[in-house]
Amino acid sequence: MNGKKASKVEKKARGEAVEDASHLSARLVYEVVRREGADELARPAISLWRSGTAAGICISFSIIGEAILRAGLPDTAWRPLVESVGYTLGFLIVILGRMQLFTENTITTVMPLLTKKDLATGSAVARLWAIVLAANVVGAFIAAAFIVWTPVFDASVLTAIHDLSEHATGSGPLVSFVRGIPAGLLVAALVWMLAAGERDNFFIIVVMTWLIAAGGFTHIIAGSVEMAFLVLRGELGFVAAVFGFFIPVLVGNIVGGTAVFTMLAWGQVKEEVDENVV
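As the structure is a prediction and not an experimental result, all values here were calculated from the model. (Residues numbered from 1 in each chain as written. Predicted model: local features only at pLDDT ≥ 70, side-chain atom pairs only at ≥ 80, totals over all residues. Heavy atoms only, no water.)

Participant: Describe in detail the overall build of the chain, supporting the description with residues and values.
Facilitator: Each helix and strand counted, the chain has 14 helices and 0 strands in total. Shown N-terminal to C-terminal, the secondary structure of the chain runs as helices and strands in the order α-α-α-α-α-α-α-α-α-α-α-α-α-α. Partitioning the contacts of the chain with sequence separation of at least 6, the portion at a separation of at least 24 is 83%. Put simply, the chain shows about 13500 Å² of open surface, and 66% of that area lies on carbon and sulfur atoms. (Helix = DSSP H or I, 4+ residues; strand = E, 2+ residues; numbered from the N terminus. Contact = heavy atoms within 4.5 Å. Areas by Shrake-Rupley, 256 points an atom, 1.4 Å probe, with all protein chains shown as cover.)

Participant: Could you give an account of the nonpolar core, with specific residues and numbers?
Facilitator: Counting residues in hydrophobic clusters, the biggest one holds 71 residues, and the most contacted among them are F102, I107, M111, W192 and F246. A per-element tally of this core places helix α9 (residues 119–149) first, with 10 residues. (Core = buried A, V, L, I, M, F, W, Y, C linked by side-chain atoms within 4.5 Å. Buried < 20%, exposed > 50% of the residue type's maximum accessible area, 1.4 Å probe, protein only.)

Participant: Please give an account of the environment of L186 that cites residues and values.
Facilitator: With respect to the helices, strands and loops of the structure, L186 is situated in helix α11 (residues 173–195). Judged by relative accessible area, which is 11%, L186 ranks as buried. Note: C-alpha distance between L186 and G257 (71 residues apart in sequence) is 7.5 Å. Excluding residues within four positions of it along the chain, L186 makes contact with M208, L211, I212 and F217.

Participant: Run through unusual backbone geometry, naming residues and quoting values.
Facilitator: Glycine aside, residues mostly have negative phi, and peptide bonds are mostly found in the trans state. Its identity as a non-glycine residue notwithstanding, R98 has a phi of 60 degrees, on the positive side. Counting through the fold element by element, R98 comes out in the loop between α6 (88–96) and α7 (105–108). If you check the backbone angles, K117 has positive phi at about 55 degrees while not being a glycine. Relative to the helices and strands, K117 resides in the loop between α8 (110–116) and α9.

Participant: Can you lay out a nonpolar patch on the surface for me, pointing to particular residues and giving the numbers?
Facilitator: A cluster of nonpolar side chains, namely I46, W49, I57, V138 and I142, defines an oily patch on the protein surface of about 390 Å² accessible area. Elements with a contribution of two residues or more to the nonpolar patch: α3 (45–58) and α9. The element best represented in the nonpolar patch is α3, accounting for 3 residues. Residue placement: V138 occurs in helix α9. (Patch = residues over 30% accessible without salt bridge, like charges linked within 9 Å, V, L, I, M, F, W, Y side chains within 5 Å. Salt bridge = Lys/Arg side-chain N within 4 Å of Asp/Glu carboxyl O.)

Structure follows, in structure tokens:
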């Protein structure tokens, strides 16, 4: 009996070890993302708004963190690589805090739409995108107002924020659009990787968002803090802000997150997915 019990325990232990060591299949990762997206689509508008506003405020710590490092580092060729570590701070707060960030929804809420392909789901996606994007931008302006109108940050940090903001918003519509594509793709890939159940979530978030800053790519919500900073200081006009930066980056993020990564991810599982899933 003892031998049989030991054998059963050993088999169970081996099974758990294999389960722990194995990775989710692409189809299962898709299902995790789809269910999360379906849950988000069903949330009340006020919950989405509050979460989105909080995300817009907290993402400002990406700009603040990057600026603090820039202000404290010597002006060398390697400084951008090191200061970009600060850019990860806002994303860590928002993603680990489960706040609503628009660019995450370019994949999570699109997966249910690709599965059902009906008007009701399409309307729910449009509703969520509109609420979250507006809330994120409001939060970004609140954060920028705090930076501009309070004496919290010293002159060197404000100068660094100013320089980072000018670099982010001063590239023109075409370059802003193109720089938005990799950023959207990286955030969508980040969501997919986290859904795969990887244990090193902190490391994954840091590396992927560090790459956005180090690569000179542009994220629409973090970039909105920089845009709002210049707008509130009277250094960036409405037309230039909206048509020269905001819309091109927004479209670039959507192209990278939805048209590129999400469609590629969907393409590898669509033949295996039960389209009657609810």
